Amino acid sequence: MINVLLSTTTVVSLASLVLSDPVLRYKLGSCNSLEPVYVEENWQYPGGGDVTMEDTDLQLLDDPKKSRGRNPPFSIQIGFDQYRRNREYTIRLETEEYFDSFMLHARAKDRPDGNATLVGWFVTIPTIAMDLHCLGKRKSSVADKGRPVKLGNMTFTWRAPPTDYGPIKFVASIVQGKEYTVLETRQVTFNAFPVSIRGCGREMSCFRQCSTSPTCPPDESTYMVVMTLTPNKKNVIISLGGIVEDDEEYVAVGFGDDKQHLHSVDISVCYREGENIQLGHYLVEDKMGPPYLHRSPLVLTGSDMDPRTNFIWCQFRRPIMPITMWDLDLSQPLFHFYFHGEKNMSRIELPEMDHIWNSKMRRNFSEITNDIQFSGRASTSIIPSPLGVCLLTMAAVMVIWA
């Protein structure tokens, strides 16, 4: 009698392990091709999942079929045309019909070897999804966990990389039944602002004002200047930026020989006119008088405004050696001045002297510097050689009263 019961139980147990047809899911092998792979799954007990398939079984299956439909019921929705360094963005996967499985990531131009270039990483994902570390890049892709459920609309938070990858696209592969569909967004271009500080103190001179930490990133600064020489060293490229709330404010950088009275200081001014960014050139007679419009115009070569923070940028060039009689000779050592101020139509007003930060010492543009103003205090380092870079790395940040 006992043997009969055991046999009956064995038959029932074996019957319960009967598997259905393989299903299509996304694994690490899908990262490049976006092609799903067949897996066998058993959900007849809690926590079930993949069942290992033999290679001979896989060979009997046809390759996954890619849909050729022109109007798929799925789409990737993004609300931006440019991405900025280290910024977070919302990505939505929207559908008119349920689907079975998916993979999503951001791609730049393929590598020379033909492999995909995956960009950024996912910060938040739905609970039914999981991170995939595709092509060795952590959290670069997202896929469903492989559950016996119908999938619908989903929202993700993606973080942009700290470097420029050029134009990118968000790409998804979606399984519905026995077919899969590949979707992609329009191109999203790179916005060079805020300017990277990666080369500050080594390849370019930088100044920024920080209120959150002594070495705040550009996104947390309230004012920033980056200056770099062109390869032929005939021009300096200046990127000037800061928080400007409305048309009645500006940010400026100045050069001159008089730190005490600001006599004949040459200043470049970045300001707003509605949604447009403008660049002005002024001369300060002295600290008691208003700045006057300069006869030598400056040409804006790049600009930007971040509507989230009201941080504006002006990028322009200035010749090191004077081209006209109106140009300042920037080959000579000069004090550098950094400040915010108020503006009334075309007239700008200088702030009080204790709100104008200066370089303390005369400099020329062959010196590579990295200055930080933090909560009323300035941290300054001048790096004229590779030895200086090494010493800066080994030394603690020196903080002195401005």
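Description of the structure in this document.

Rules used in this analysis
Residues numbered from 1 in each chain as written. Predicted model: local features only at pLDDT ≥ 70, side-chain atom pairs only at ≥ 80, totals over all residues. Heavy atoms only, no water. Disulfide = S-S within 2.5 Å. Buried < 20%, exposed > 50% of the residue type's maximum accessible area, 1.4 Å probe, protein only. Helix = DSSP H or I, 4+ residues; strand = E, 2+ residues; numbered from the N terminus. Contact = heavy atoms within 4.5 Å. Patch = residues over 30% accessible without salt bridge, like charges linked within 9 Å, V, L, I, M, F, W, Y side chains within 5 Å. Areas by Shrake-Rupley, 256 points an atom, 1.4 Å probe, with all protein chains shown as cover. Salt bridge = Lys/Arg side-chain N within 4 Å of Asp/Glu carboxyl O. Lys, Arg positive; Asp, Glu negative; His and termini not counted. Charge placed at Lys NZ, Arg CZ, Asp CG, Glu CD.

## Notes on the state of the cysteines
Then step 1. Using the criterion set out here, one finds three disulfides in the structure.
Then step 2. In this model, C200 is linked to C206 through a disulfide, with the two sulfur atoms separated by 1.9 Å. Between C200 and C206, the S-S torsion sits near -85°, and that sign places the bridge as left-handed. With respect to class, C200 is no different from C206; both count as buried.

## Remarks on the environment of A160
Then step 1. Within the secondary structure, A160 is located in the loop between β13 (154-159) and β14 (169-176).
Then step 2. Each C-alpha atom of the pair A160 and E88 lies 6.3 Å from the other, and the pair is 72 residues apart in sequence.
Then step 3. Other than its neighbours up to four places away in sequence, A160 contacts Y83, R84, N86, R87, Y89 and W121.

## Focus on a negative patch on the surface
Then step 1. On the surface, a cluster of negative charge is made up of E245, D246, D247, E248, E273, E342 and E349.
Then step 2. Within the secondary structure, E342 sits in strand β26 (residues 335-344).

## Re the pattern of salt bridges
Then step 1. Within the structure shown, the criterion is met by twelve salt bridges.
Then step 2. The closest approach of N and O atoms between D144 and R25, which form a salt bridge, is 3.4 Å. Taken as a pair, D144 in strand β12 (residues 141-144) and R25 in strand β1 (residues 23-25) lie far apart in primary sequence, 119 residues in all. The pair formed by D144 and R25 is uniform in burial state, with each residue classed as buried.
Then step 3. Close ionic contact of D306 with R87 constitutes a salt bridge, the shortest N to O distance being 2.9 Å. In this pair, D306 sits in strand β24 (residues 300-306) while R87 sits in the loop between β6 (82-83) and β7 (88-95), placing the two residues 219 residues apart along the sequence. Neither residue differs from the other here; D306 and R87 are each classed as buried.
Then step 4. If you follow the salt bridges from partner to partner, you end up with R25, E41 and D144 in one network.

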